[in-house]
Amino acid sequence: MKRKGSGYFILKAIPAVILLLILFLVPLALIFSYAFQDGGKAILNVLEDNYTYYLLSFTVKQAFLSALISVIAALPFSAFFSAYSFPLRKTILTIAQLAFTIPTILVVLGFVIWYGNNGFLNNALRSVLGVSYTPLPILYSFKAIILAHVYLNFPIAFALITARWTQLPPTEENASYTLGQGKAKTFLFITLPRLSGSIASAFILIFLFCFSSFAIVMVLGGNPAYSTLETEIYRRVHVNADLSSAAALSLFAFAVNALLLALTTPGRKERKNERQARVLKKAKGMKLAQAVVLSLIILAFVIPPIASIAVRAFYTKDGIFSLSAWEGIAGRGFGLIGGSVNAAINSLAIGLVTAFLSVWMGSAIATASAKRNSKLLPFITSLPMATGSVMMGLGFIFVTSFIFTKLGIRSYYLSFLFVAAAHLIIVLPFSVRTITPGARAIPDSLSNAAYTLGASYGKTYRSVESPLLRPYRRKAFAFSFALSLGEVNATLMLSSGHVETIPVLIYRMIGSYDYQGAAALGTVLLATALAVFAIGEARWRKDAIL
Amino acid sequence: MPFFEIRNIEKKYKEFTLSLSLSIEEGEFLSIIGPSGSGKSTLLSLIAGIESPDSGEMLMDGRDITKEKIQKRGISMVFQDFSLFPSMNVEKNIQFGMKEKDKAKRKELSDKLLEIVGLKDYGKRNVSAISGGEAQRVALARAIASEPRMILFDEPLSALDPPLRKHLRAIIRSIHDSLGITVLYVTHDIEEAFAVSDRIAVMQGGSIVTVKEAEDLYRNPENLFTAFFTGEGTSLPAHLLFDNTDAYAFFRPESAEIVEDSISEDMYPRHIILSDCRVISAEYTGSHYMLGLTYKDYPVLVESSRKPKKADVSVKIPKDSILLLR
């Protein structure tokens, strides 16, 4: 049902929706025009090319496996964490949630440094086992792609499923036990169906994320055989310089992605809040030991690749302690690292612009959507999710090239704005999704009480509703800033030498084997992302009304 | 002309239609009672302007307010969940809808209202740090502060415990009496409605079935629904007691009396005698026994000061307390 004042909020959201549509539709229209030039030759070629279907099948295969393994791996951990309380339980859950904000490029870098043939893990194993070969040859293979995806997404599955499981009161399970059923049967027939919504949500989210994965496949796959639709689009632009073919492949990926989104949306139902959450049992004796083991497994999986970045920043490839990378970052270095300060300024500036705009647009769209109970607005906002960030980058390449060549306007600031615009379109769906639950949670009676007291829609929004949205906006700001800070796909597509950000610089340093420099810069990026996460999370817990 | 009048208003939903007329006098305290889903809260939403009717009109002082904006109606509302604004303290909540612009006067008025509702010195408190009863008093003060012409109460006390409910309903009524403000009060608690109202309207299935003063409503309900909704009673097919009628004979338990000795109708010409009743249950309520009996397989409720010793008894009911209802 529509809420009172929905017309006012729709009007208020119109500028944000127009901006969203311009930023989304203009690049998309240019992609269409490139794909369909010469009578649609490029699109026909893509559709007739067997390689397209190979790319699609590989993309689906790696996304499916990554999602499946992440979810299955998360289940036993979630079962324990939703049943028992023990020291540091919340800390472990928070660490798991870090994955939401850790930039993908850091996972790539961490994997190279930790799991690489000359990485910390293999070096340690070589000294322990006394061998000269690589004991765990993980990198540059299919399993590296899957492992990195699981690394990035296991915590998401773990956090989502645990959160839901903790909310489920154990009454139905207890009823099953009192009817004489065992734990296995009770889990299969009672618990699992109750969890199916959150399991499906986690699976779909991870699948869609891995479907558009770029940097992980590009660097850790290390082999053209392991190409996804996204990496192939990048190759066609930057290696083959075949923009029409890249545009055609983009449209193909967009169609598949949109189809997947449409197919999976009905599965993502709104969560029903249980009236009574489960009371966690205190882990004692064997259960406490089990808690320690499970926590250590999570920490041993999550921490080393990321921690190794910070360690590697202080050591050369020969293992000698050196601060050279840090000096380089400080502006006294040559080559790629010499651009660190500039990249940091760019990253921060783009991150701030993106976060401010995404929170403004996100608030307007989320409030209007909640007031109107609109299905159209969330759909429009989620459209960029169907494109993938590489495609958005490609679209903005076309926009840039159109403005540079056709209109003859050339400016560094314009390039900067286009990168920020691409980031904005990529992070906006997340911002809207973060704020919408807050807007929906505002009781109608609260707004109606203000209206019956004579307050206008504007005054009610400013004095009553907006303060309640503040924690959601703050979280959306932190989330958007962190996502923009770590964004590499679209930026890499767009910034052919124009606008360098920290993740792009790290990507290039990995490519030129300057791991210490990449690690030092990665440490800066990690520290910033963690700080933003911590601020958003701390204030969130304090203020959120849910 | 009534102060507030609803003329043939209609609001259609998928499985429910609200259709009614109603009038309220200035300064009146009118309660609306009815079962869940009868349309009480919908009616308040239409009057407040939260929802719009499909047809019909609403007049206040002769002025048509049907299409008037919610903010301009001069009708404030007190909600079941208090709906205090969490971003403001108690004082700011009360001052939110005030028309007075002068800061000192606003403060003076909010202090005065807090005193009226028994919350002196609560002004600076956080609304999340006060109890439910206190919160509802703040909501009441806030509603009054906006100087409305009418206040709507939507089950304002249902979230509170019974002793507090009794205390607060007395406060609401005394504030109404001292300010003379028109009140429309929705409740599902019959006792509450009887205690505070000048008149009571009973709703059923989106319509108003009757509007009466409390005592009249209880003693002379117009139909079986109202009779049972406003209190306990017994309905028997009237042909069992009277000739030539297909209505139902209704009486309250306190009107009937059980007799353990054998009696005949000749002994009590002004009464109806139900012979051969059987006592099925005897529940002690604290002040009396509520006896459950059967008469020709029909259930009968009788109030008694003592527990009967015999299972087979007679019941005598004054004829003038029996209503013929449908």
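For every chain, the first residue of its written sequence is number 1, and the numbers climb from 1 along that sequence. Going through the entries in the order they are written, you letter the chains from A and number the ligands from 1. Given that this is a predicted model, residues contribute local features only at a pLDDT of at least 70 and side-chain atom pairs are listed and counted only at 80 or more, while totals for whole chains, interfaces and linings are drawn from all residues.

## Section: the overall build of chain B
- Strands here mean DSSP runs of E at least two residues long; helices mean DSSP runs of H or I at least four residues long; both are numbered from the N terminus. Along the backbone of chain B there are eight helices and 18 strands.
- Reported as C-alpha extents along the three principal axes, the dimensions of chain B are approximately 80 × 45 × 35 Å.
- Our exposure labels follow a C-beta count within 10 Å of each residue's own C-beta, placed from the backbone: buried means 20 or more other C-beta atoms, exposed means 12 or fewer, and partly exposed covers the counts in between. Counting all 326 residues of chain B, 40% fall into the buried class.
- A separation of at least 24 residues holds for 63% of the contacts in chain B among residues at least 6 apart in sequence. Any residue pair is listed as a contact if its two C-beta atoms, each placed from the backbone, are within 7 Å.

## Describing the overall build of chain A
- If you tally the helices and strands in chain A, you get 23 helices and two strands.
- Between the two quantities, the radius of gyration covers C-alpha atoms and the globule rule is 2.2 Å times the number of residues to the power 0.38. Rg of the C-alpha trace for chain A: 24 Å, near the compact-globule value of 24 Å for 546 residues, within the 12% margin.
- Principal-axis analysis of the C-alpha atoms places the extent of chain A at approximately 65 × 65 × 50 Å.
- Within chain A, the proportion of its 546 residues that are buried is 49%.
- Restricting to contacts in chain A with at least 6 residues of sequence separation, those with at least 24 account for 81%.

## What about the packing of helix α1 (residues 6–35) of chain A against helix α15 (residues 340–372) of chain A?
Residue and element names in this part refer to chain A.
- Two elements in contact, α1 and α15, have axes whose closest approach is 8 Å; the angle formed by their N-to-C orientations is 140°. In terms of their interaxial angle, α1 and α15 are classed as oblique. In the crossing of α1 with α15, the sense of the turn from one axis to the other is left-handed. Side by side, α1 and α15 meet where Ser6, Phe9, Ile10, Lys12, Ala13, Ala16, Val17, Leu19 and Leu20 of the first sit next to Trp360, Met361, Ala364, Ile365, Thr367, Ala368, Lys371 and Arg372 of the second.
- Classifying every residue of the contact of α1 with α15 by side-chain character gives 12 nonpolar, two polar and three charged. Between N-to-C directions, angles cover 0 to 180 degrees, with each direction set by a line fitted to C-alpha atoms, over the stretch in contact for helices. By the definition adopted for this analysis, an angle is roughly parallel if under 35 degrees, roughly antiparallel if over 145, roughly perpendicular if from 65 to 115, and oblique otherwise. We call a crossing left-handed when the near helix sits turned anticlockwise from the far one by less than a right angle, and right-handed when that turn is clockwise. Throughout this entry, Asp, Glu, Lys and Arg are counted as charged residues, while Ala, Val, Leu, Ile, Met, Phe, Trp, Tyr, Cys and Pro are counted as nonpolar. The remaining residues, Gly among them, count as polar.

## Points about the sheet that holds strand β1 (residues 4–12) of chain B
Residue and element names in this part refer to chain B.
- Two strands pair if DSSP finds at least two bridges between them. Pairing is antiparallel in the open sheet, where four strands are placed in the order β2-β1-β4-β5. Strand pairing shows two members of the sheet lacking a second neighbour, β2 (17–24) and β5 (63–64), which therefore form its edges.
- Bridging between β1 and strand β4 (residues 55–60) involves five bridges; their strand directions are antiparallel. Opposite Glu5, over in β4, you have Leu59 as the bridge partner.
- Along the sheet, helix α1 (residues 40–48) makes contact with β1, β2 and β4, crossing β1 at roughly 115°.

## With respect to the domain arrangement of chain B
Residues and elements named next belong to chain B.
- Under the domain assignment used here, chain B contains domain 1 (4–228) and domain 2 (232–325).
- Boundaries of every domain are those given by an automatic assignment or by a domain database. One C-alpha centre belongs to domain 1, the other to domain 2; they are set 39 Å apart.
- If you look at the interface, domain 1 gives five residues, while domain 2 gives five residues.
- Considering only residue class, the side of domain 1 that touches domain 2 consists of four nonpolar, one polar and no charged.

## A few points about the sheet that holds strand β17 (residues 312–318) of chain B
Residues and elements named next belong to chain B.
- The sheet built from five strands is open, its strands ordered β13-β17-β14-β15-β16 with antiparallel pairing. This sheet does not close on itself; its edge strands, each paired only once, are β13 (257–259) and β16 (298–304). Here the average twist between neighbouring strands, direction ignored, is 45°.

## Thoughts on the domain arrangement of chain A
Residues and elements named next belong to chain A.
- With domains assigned, chain A is organised as domain 1 (1–35 + 313–546) and domain 2 (49–265).
- Domain 1 puts 32 residues into the contact, and the matching count from domain 2 is 31 residues.
- Where the side of domain 1 that touches domain 2 is concerned, the elements lending two or more residues are α1, α16 (376–387), α17 (389–406), α20 (457–486), α21 (489–494), α22 (502–511) and α23 (515–543).
- Tallying contributions element by element places α23 first for the side of domain 1 that touches domain 2, with eight residues.
- When its residues are assigned to classes, the side of domain 1 that touches domain 2 shows 25 nonpolar, seven polar and no charged.

## Comments concerning the pairing of β17(B)
Residue and element names in this part refer to chain B.
- For β17, the tally of buried residues reaches five of seven residues, placing the bulk of the element in the interior.
- When β13 meets β17, the two strands line up antiparallel, connected through three bridges. For Glu257, the partnering residue across the bridge sits in β17 and is Lys316.

## Considerations on the confidence of the model for chain A
- Each residue carries a pLDDT value, the predictor's own confidence for that position, ranging from 0 to 100. Averaged over chain A, the pLDDT score is 86; the fraction of residues at 70 or greater is 93%.
- Averaged pLDDT values for the elements of chain A fall to 77 in helix α14 (residues 324–332) of chain A and rise to 94 in helix α3 (residues 50–81) of chain A.

## Section: the interface of chain B and chain A
- If you look at the interface, chain B gives 17 residues, while chain A gives 16 residues.
- Counting residues per element, the side of chain B that touches chain A draws most heavily on strand β6 (residues 75–78) of chain B, which supplies three residues.
- Along the lines of polarity and charge, the residues of the side of chain B that touches chain A split into nine nonpolar, six polar and two charged.

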